[in-house]
Amino acid sequence: MKPDQVKKLLMISVSVLLIVLVAGIFFFNRNNKVVLEGPQGEIAANETSSQAWAKFYPAHWDSYQANYANTEKPSHFAAKPYLTAIYAGFGFAKEYNEPRAHVYTIEDILAIDPARKKAGASCFTCKSTQVPEMVQKYGEQYYLMSFDEIKEEFTEAIGCLDCHDPKTMELRLSRPALIEALQRQGRDVDKISQQEMRSLVCAQCHVTYYFQPGSKKITFPWDKGVKAEQILAYYDEMKFSEWTHPDAGSGMVKPRHAEYETFQDSTHESAGLSCADCHMPYTKVGSKKISSHVWQSPLNNIEQSCTTCHRNGSDWLTRRVETIQNQVKQTQDLAGEAVVEAINELKISQVAANVDQAKLKEAQELHRQAQWYLDFVVVTNGYGFHNPTETLNNLGIAIDLAHKSAQKAREARGLK
């Protein structure tokens, strides 16, 4: 074969191969395109039944249904026995269980000990898609209604309407307490970025709060900031206590699952991540891409939740998380023992003869502070992983304040 013919044949062969390659890529991508499951039909503006959304978002619905696999709700007291002493005189001392999945919220709230139901209708505020319509129906009276008055009206657990606009599927805020807290901070809730919304929809419930005296309206105590010391300063300024500890005589305030507050300024939050990035990672279901609606520990699906950013391997990541959580648990237990010691010393001092009332009052204030810092960690899921540095710092403060409280209580009795 002549050189010109060889050259011509090679050019034809290369051209054919390029056409075949381009065609192969085209057909491969066409048949393997991953599409985000998006709006497929219009849902009623206030559709509280998540089941009604299922036919439009079947892959997301199947993911949501997987939450039913979580059936355990062990007591916190088993791993943290000191809680019965620090919660004495408060409903949590009667019962405090690990949470189950969001799909069980109505079932579980109806089954809690009566001592935990004193907040009345407000107990349901983070438990049902029907809350906004109940607040609209009853107005401010909603917060004053008893648990039994309203319990029959709640049938739907946490679901789609809590976080999504039915027409567009855009994330939205549905709880008044969060909206009002952001507005008091000077935030325009209509100009919040999509990425921040991926945390704020969680912050509608995974936060601490209190019931305003008189109106019993749920309020987020963020006016001075969201850190433990800033929230305690807010309560101190208004001279607010939820109950008096029966053994210590101290006026107490109770933090509740401060997940969002703890996450702020953490390594992951500072890097631009949201709650959903780790707890609701994108996953592929057939040819569809969905945000996982199985709300769980990222360790349960570490390949989707963690290794998209971290290249250290799942074994290394798991060990790293376990190391942090073990350190937090050990320090938390030490803080728990220190707070119980303070309570025991205060119990003795309260009934002692000729006790120095000024020193006793100082010891009680130190106990209030110590227990606040400890409990701010205890009530937060993840054993400190949401913000290890701040968590260990809060526990260190709790230990120090508890020892000072115990010492001051002894001094009130004339001991050194």
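Residues numbered from 1 in each chain as written. Predicted model: local features only at pLDDT ≥ 70, side-chain atom pairs only at ≥ 80, totals over all residues. Heavy atoms only, no water.

1. Let's talk about the confidence of the model for the chain
When pLDDT is averaged across the chain, the result is 91; 90% of the residues are at 70 or more. Scored below 50 in pLDDT, residues 20-34 shows five contacts in the model against residues more than four places distant or in partner chains. (pLDDT = per-residue confidence, 0-100. Contact = heavy atoms within 4.5 Å.)

2. Overview of empty space enclosed by the protein
What the rule picks out here adds up to one cavity of 30 Å³ or more. Within this model, the largest cavity holds a volume of roughly 50 Å³. Lining the largest cavity we find Thr262, Phe376, Val377, Thr380, Gly384, Thr391 and Asn394. When residues of the lining of the largest cavity are traced back to their parent elements, those giving at least two are helix H16 (357-378) and helix H17 (388-412). (1 Å grid on protein atoms, 1.4 Å probe; cavity = no way out; pocket = protein on both sides within 12 Å on 5 of 7 lines; lining within 4 Å. Points joined across faces, edges and corners; volume = space filled by probe spheres on them. Helix = DSSP H or I, 4+ residues; strand = E, 2+ residues; numbered from the N terminus.)

3. Section: the pairing of strand E7 (residues 288-291)
Every other side chain in a regular strand lies on the same face of the sheet, so the side chains alternate between the two faces. Across four bridges, the pairing between strand E6 (residues 282-285) and E7 is antiparallel. Across the sheet, the residue bridging to Thr283 is Ile290, located in E7. The antiparallel hairpin formed by E6 and E7 contains two residues in its connecting segment, where Gly286 sits at a positive phi of about 65°. (Pairing = 2+ DSSP bridges.)

4. Description of the layout of surface pockets
When its volume is computed, the second largest pocket comes out at roughly 200 Å³. Looking at the second largest pocket, the residues that line it are Tyr235, Asp236, Lys239, Phe240, Ser241, Gly249, Ser250, Gly251, Lys361, Gln364, Glu365 and Arg368. Elements supplying a minimum of two residues to the lining of the second largest pocket: helix H10 (228-237) and H16. Of the residues forming the lining of the second largest pocket, the biggest block, four residues, is contributed by H16. Grouping the amino acids of the lining of the second largest pocket by side-chain chemistry returns two nonpolar, five polar and five charged. (Nonpolar A, V, L, I, M, F, W, Y, C, P; charged D, E, K, R; others polar.)

5. Here we look at the nonpolar core
Ranked by internal contacts, the top residues of the largest apolar core, which has 75 residues, are Tyr142, Phe220, Trp222 and Trp372. For this core, the element with the highest residue contribution is H16, accounting for eight residues. In contact with Tyr142, other than residues within four places in its own chain, are Ala121, Ser122, Phe124, Thr125, Val131, Met134, Val135, Ile150 and Phe154. Of all hydrophobic cores here, the second largest spans seven residues; its members include Leu346, Ala363, Ala409 and Ala412. (Core = buried A, V, L, I, M, F, W, Y, C linked by side-chain atoms within 4.5 Å. Buried < 20%, exposed > 50% of the residue type's maximum accessible area, 1.4 Å probe, protein only.)

6. Section: the packing of helix H15 (residues 314-351) against H17
Two numbers describe how H15 lies on H17: the axes approach to 8 Å, and their chain directions differ by 20°. Put simply, H15 runs roughly parallel to H17. The chirality of how H15 crosses H17 is left-handed. The class makeup of the residues in the contact of H15 with H17 is 16 nonpolar, seven polar and three charged. (Axes fitted to C-alpha atoms, helices over the stretch in contact; angles between N-to-C directions. Parallel < 35°, antiparallel > 145°, perpendicular 65-115°, else oblique. Left-handed = near helix turned anticlockwise from the far one by under 90°.)

7. Here we look at the pattern of salt bridges
Any two side chains of opposite charge can pair, given that their charged atoms come close. Tallying each qualifying case throughout the model produces 24 salt bridges. In this structure, Glu180 and Lys217 form a salt bridge, with 3.1 Å as the shortest nitrogen-oxygen distance. Of this pair, Glu180 sits in helix H8 (residues 176-184) while Lys217 is found in the loop between strand E2 (210-211) and strand E3 (218-219), placing the two residues 37 residues apart along the sequence. Owing to a relative accessible area of 26%, Glu180 belongs among the partly exposed residues under this scheme. For Lys217, a relative accessible area of 15% translates into the label buried. Among the salt bridges present, the one from Glu196 reaches Arg187, with a minimum N-O distance of 2.9 Å. Given the relative accessible area of 30%, Arg187 is considered partly exposed. (Salt bridge = Lys/Arg side-chain N within 4 Å of Asp/Glu carboxyl O.)

8. Describing the side chain of Glu390
In this fold, Glu390 is placed in helix H17. Polar contacts involving the side chain of Glu390 include one to the side chain of Lys227, which spans 2.9 Å. Dropping the residues within four chain positions of it, Glu390 is found in contact with Lys227 and Gln264. (Polar contact = N/O pair within 3.5 Å; in protein donor to acceptor, adjacent residues only side chain to side chain.)

9. With respect to the packing of aromatic side chains
Using the criterion set out here, one finds 21 aromatic pairs in the structure. Between Tyr68 and Tyr104 the ring centres are 5.6 Å apart and the planes differ by 80°, which places this aromatic pair in the edge-to-face class. One end of the pair, Tyr68, is in the loop between helix H2 (58-65) and helix H3 (76-79); the other, Tyr104, is in the loop between helix H4 (83-86) and helix H5 (105-111), and 36 residues separate them in sequence. On the basis of relative accessible area, Tyr68 is assigned to the partly exposed category, the value being 39%. Seen in terms of ring centroids, Tyr142 and Tyr143 are 5.1 Å apart; in terms of plane orientation they differ by 80°. Their pairing is edge-to-face. No difference in accessibility class separates Tyr142 from Tyr143, as the two residues are buried. (Phe/Tyr/Trp six-rings, centres within 6.5 Å; stacked < 30°, edge-to-face > 60°.)

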